[in-house]
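Given next are the chains, with one letter for each unit.
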Amino acid sequence: MKISILFGTESGNSEMAAEDLAASLADTYETEIRDLAEVSPEDLREDALYVFVCSTYGEGELPNSALPFYTALSQTRPDLTGVHYAIFGLGDSFYTETFGHGSLKLDAQLKDLGAHRAGDFGRHDASTWEPVGEVAVAWFEDVLSSLQVNSNAA
Amino acid sequence: MQPNPAIAIVGSGPAGCYLAQTLRRSMPDAEITMFDRLASPFGLVRYGVAPDHQGTKSIQAQFARLFERDNVRFAGNVEVGSKLSLDALRDTHHVVVLATGLARDRALRVPGESLSGVYGAGQFTRTMNTHPHENPTLPLLGDTVAIIGGGNVSLDVVRLLIKSPADFDGSDVNDPAVEAYAESPVREIDLICRSSADAAPFDPSMLAELGRIPGVQFASEGQTLSGANTSSATQSALEGLRSSEPDGPPRVRVRIHFNSTTTRIAGKDRVEGVEIRLPDGSLHVIEARSVITAVGFDFDPSDPLLGEMGANSDTGLLAEGLYRTGWAKRGSRGTIPENRQCAKAVAAEILKYLAATQSSAPKAGYSGLPDATLRHVIDFEGWLRVDAAERAAAPPNRSRKKFADHSWMVATAHENIDGQTTSAAQRRHVKEQS
């Protein structure tokens, strides 16, 4: 299984988390890391696992670099049946009303278009000062084990 | 291109850190040094971002990677322009970039501005962040204070003034200043904003945040909307504030005046009020014992590096091999992440310049600086000792206790602590707070 990590960032924190995640996987999996600004929905394939690492900006919006991808999803509404993804959202719980809303929107859109989410929606809270890369790596271990449980059961 | 160009970045705040990041990605072998006049890195993240916004401050974990794994050198305790001349830096480095930000509160340019009792928001925030070059406590503000400006810094000031000491849990606020202020806190705050509610530059979430502080009563006036967008996030934040009635009599009242232009600060020897012009053209005086201005930051003409150069959004180039980035380039606009895009543009200019200067003479880089400078440098390891000492000294419910005295920071940074021995500076620091 190829793992494709797609990050959307405003401050650079999501990119850093994506890099840490990629580094933790590189020895075991074929891994690539890409800026969402350079990804189009047509690039999504069925034989890879896409890992979205994305922040929230302003009033619960997606970061600028993720907007073209999200807009393309909303406008062209491609059928994403058979596409597998996992998603990890960065936010700050200090902003209670909008905490993690950017990546939640992206998650809802992907699901709506038929893509299958692996594992739980991951979260990092800037207010905790937990190292974002470590939180992402620990979360993704759970995603991978849920995939194994599912494939064993099948 | 120079095989291993030597690059000096003056200032280790967000502007400098994003630039170092971008340059490092393109030039894995360049010698990159970030200078700071303080013993601590991160500039505005440490001393400008409000102490109760720890989530915003956590970006320093990203910036710390420059020094931890990206082979960027931190050279703290070096003031370029005084201890070390800009010429000496340019003689030894192929490229020098000024990322020194803007520390001076912008003038309002209204009569009465020089009255006693008028303070700048930058001053205020530095005190609350325990900046070693700022006053250790706040001035006596009196019962009533007017805050002028409609941006996030202005809301920072409001929020820090309406909080009780217990509302600062988890922060690294300057506790002696908070405790002294709590003895005679402000009772009435008038926030004066030139634009309408939905056109004001602050983030609606910053406004909504004010409503979570107990014991405060809010009112807003003159909030004519500029457009048809009545369901804006700002509007719902304002409605939230107005409906957040305190249980019992409020500790403090906050009135927000939209569409109100400050025309004059009234008073004889010290501030007595602020005169505003309302949308209908009439003049109205708001009583205030003190004024805090939060209308942006500006170039300081006495700054040996920046002087009166003004902002320029087109290019970071100042002279051959000399650039600037961040607020020192663009003026005081935008949030921390905006410096990332700014850094990318300036880095592209620098890369183009370096590619075109293949034949220039080699330069000595950091090690070519005068011994008198190098002797006093605080490196990243030194900063980590200060960082550890500050965290260890944190009182209950605080994330750290910052050193108020820069010579203390320097002393702690220079002492080699092996984990067993506590430095003399650390002991003094812990003792002082007990």
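Residues numbered from 1 in each chain as written. Chains lettered and ligands numbered in written order. Predicted model: local features only at pLDDT ≥ 70, side-chain atom pairs only at ≥ 80, totals over all residues. Heavy atoms only, no water.

Re the nonpolar core
Residues and elements named next belong to chain B. Going by this rule: To form a nonpolar core, buried Ala, Val, Leu, Ile, Met, Phe, Trp, Tyr and Cys residues must be joined to one another through side-chain atoms within 4.5 Å. Burial classes follow relative accessibility: with a 1.4 Å probe on protein chains only, a residue under 20% of its type's maximum area counts as buried, one over 50% as exposed, and anything between as partly exposed. It only takes one pair of heavy atoms within 4.5 Å for two residues to be counted as in contact.
Counting 46 residues, the largest nonpolar core has Ile7, Ile9, Leu19 and Ile350 as the members making the most contacts within it. Contact partners of isoleucine 350, with chain neighbours within four places excluded, come to Leu19, Leu23, Val95, Val97 and Tyr323. By size, the runner-up hydrophobic cluster in this structure holds 42 residues, among which are Ala50, Val158, Val186 and Ala237.

Considerations on the sheet that holds strand E12 (residues 273-277) of chain B
Hydrogen bonding along the main chain pairs the strands of a sheet, whether they run parallel or antiparallel. Residues and elements named next belong to chain B. This is how it is decided: In short, DSSP must find at least two bridges between two strands for them to pair. Numbering of helices and strands starts at the N terminus; helices are DSSP runs of H or I of at least 4 residues and strands are runs of E of at least 2. With axes taken as lines fitted to C-alpha atoms, and helix axes fitted only over the stretch in contact, angles between N-to-C directions fall between 0 and 180 degrees.
The antiparallel open sheet is built from three strands, whose spatial order is E11-E12-E13. Strands with a single pairing partner mark the edges of an open sheet, and in this sheet they are strand E11 (261-266) and strand E13 (283-287). Sheet twist, expressed as the mean angle between neighbouring strand axes with direction ignored, is 30°. As defined by bridge partners, E11 adjoins E12 across five bridges and the pair is classed as antiparallel. Bridge pairing links isoleucine 265 to valine 274 in E12.

Digging into the packing of helix H1 (residues 14-26) of chain B against helix H4 (residues 60-68) of chain B
Residues and elements named next belong to chain B. Just so we agree on the cut-off: Note that the term roughly parallel is reserved for angles under 35 degrees, roughly antiparallel for angles over 145, roughly perpendicular for angles of 65 to 115, and oblique for everything else. The hand of a helix crossing depends on one turn: near helix anticlockwise from the far one by less than a right angle means left-handed, and clockwise means right-handed.
Where H1 meets H4, the axes come as close as 10 Å, and the angle between the chain directions of the two elements is 50°. In terms of orientation, H1 and H4 fall into the oblique class. Here H1 and H4 pass one another in a crossing that is left-handed. For the pair H1 and H4, the contacting residues are Pro14, Cys17, Tyr18, Ala20 and Gln21 in the first and Gln62, Phe63 and Leu66 in the second.

Some remarks on the interface of chain A and chain B
The criterion, for reference: Here's the idea: put two parts together, see how much 1.4 Å probe accessible area each one loses, and the total over both is what we call buried area. By salt bridge we mean one thing: a side-chain nitrogen of Lys or Arg within 4 Å of a carboxyl oxygen of Asp or Glu. Ten residue types, Ala, Val, Leu, Ile, Met, Phe, Trp, Tyr, Cys and Pro, are classed as nonpolar, four, Asp, Glu, Lys and Arg, as charged, and the remainder, Gly among them, as polar.
Residue-level contacts link 19 residues of chain A with 28 residues of chain B. Across the chain A/chain B interface, buried area totals approximately 1,900 Å², and carbon plus sulfur atoms make up 46% of it. Connecting chain A to chain B are five salt bridges. Between B:Arg69 and A:Asp20 there is a salt bridge; the shortest N-O distance is 3.8 Å. In the side of chain A that touches chain B, the residues fall into six nonpolar, six polar and seven charged.

Some points on the confidence of the model for chain B
To keep it simple, the criterion reads: Residue-level confidence of the predictor, termed pLDDT, takes values from 0 up to 100.
Residues at a pLDDT of 70 or more form 92% of chain B, whose mean pLDDT is 92. Low pLDDT, under 50, characterises residues 417-423 of chain B; the predicted model gives this stretch five contacts beyond four residues in sequence or across chains.

A word on the sheet that holds strand E8 (residues 188-192) of chain B
All names here are of chain B. Spatially, the six strands line up as an open sheet ordered E6-E14-E7-E8-E10-E9, and their pairing is parallel. Every interior strand has two partners, whereas the edge strands, strand E6 (118-120) and strand E9 (216-221), have only one. Along the sheet, successive strands turn relative to each other by an average axial angle of 20°, direction set aside. Sheet contacts for helix H6 (residues 121-128): E6 and strand E14 (290-293); angle to E6, the most-contacted strand, approximately 65°.

A closer look at helix H12 (residues 338-356) of chain B
What counts is decided by this rule: Helix span, expected: 1.5 Å multiplied by one less than the number of residues in the helix. Read the arc as the range of directions from the helix axis to the C-beta atoms.
Its 19 residues place the ends of H12(B) 28 Å apart at the C-alpha level, agreeing with the 27 Å of an ideal helix rising 1.5 Å per residue. For H12(B), every residue scored as buried is listed here: B:Asn339, B:Arg340, B:Cys342, B:Ala343, B:Val346, B:Ala347, B:Ile350, B:Tyr353 and B:Leu354. Along the axis of H12(B), the buried positions cluster into a sector of 150°, meaning they face one direction only. For H12(B), the exposed residues set more than 90 degrees away from the buried face come down to B:Lys352 and B:Ala356. If you follow the buried residues of H12(B), they end up packed against helix H1 (13-25) of chain A together with strand E1 (6-10), H1, strand E4 (95-98), strand E17 (322-324) and helix H11 (327-330) of chain B.

Looking at the packing of aromatic side chains
All names here are of chain B. To keep it simple, the criterion reads: Any two rings among Phe, Tyr and Trp, with Trp reduced to its six-membered ring, count as a pair given centres within 6.5 Å; such a pair is stacked if its planes are under 30 degrees apart, edge-to-face if over 60, and tilted if neither. Here, over-ring charges are defined by two tests on the NZ atom of lysine or the CZ atom of arginine: distance to the ring centre within 6 Å, and angle to the ring normal within 35 degrees.
By the definition in use, this model includes 14 aromatic pairs over all chains. Here phenylalanine 67 and phenylalanine 74 contribute two aromatic rings whose centre-to-centre distance is 5.7 Å and whose plane-to-plane angle is 65°, an arrangement assigned as edge-to-face. The pair phenylalanine 67 / phenylalanine 74 is uniform in exposure class, with both members buried. For the ring pair phenylalanine 403 and tryptophan 408, a centre distance of 5.9 Å and an interplane angle of 90° mean the geometry is edge-to-face. Accessibility classification places phenylalanine 403 together with tryptophan 408 in one group, the buried group. Through a chain of ring-to-ring contacts, three or more aromatic side chains come together here, namely Phe42, Phe67, Phe74, Phe380 and Trp383. For lysine 163, the ring lying beneath its charged end belongs to phenylalanine 168, and the centroid distance is 5.4 Å.

Some details on the pairing of E4(B)
Residue and element names in this part refer to chain B. Neither face of E4 is exposed, since Val95 and Val97 on one face and Val96 and Leu98 on the opposite face are all buried. Here four bridges tie E1 to E4, and the two strands are oriented parallel to one another. Across the sheet, isoleucine 9 pairs through a bridge with valine 97, a residue of E4. Sheet topology places E4 next to E17; three bridges connect them, and they run parallel. When the sheet's bridge partners are listed, leucine 98 is paired in E17 with arginine 324.

Concerning the side chain of B:Lys57
For the record, the criterion: Polar contacts, as counted here, are pairs of nitrogen or oxygen atoms within 3.5 Å of one another; within protein the pair requires one atom able to donate a hydrogen and one able to accept it, and residues that are adjacent in sequence qualify only if both atoms are side-chain atoms.
As for its placement among the helices and strands, B:Lys57 is situated in helix H3 (residues 54-57). A polar contact of 3.1 Å, which involves the side chain of B:Lys57, links it to the backbone oxygen of B:Val45. Leave out the neighbours within four places in its chain, and B:Lys57 touches A:Trp129, B:Val45, B:Arg46, B:Tyr47, B:Val49, B:Ala50, B:Pro51, B:Asn129, B:Asp172 and B:Lys402.

Looking at the packing of H6(B) against helix H7 (residues 152-162) of chain B
Residues and elements named next belong to chain B. Two numbers describe how H6 lies on H7: the axes approach to 10 Å, and their chain directions differ by 50°. The pairing of H6 with H7 is recorded here as oblique in orientation. Between H6 and H7 the crossing geometry is left-handed. Along the contact surface, H6 presents Ala121, Phe124 and Met128, while H7 presents Val153, Val157, Leu160 and Leu161. Of the residues in the contact of H6 with H7, the class split is seven nonpolar, no polar and no charged.

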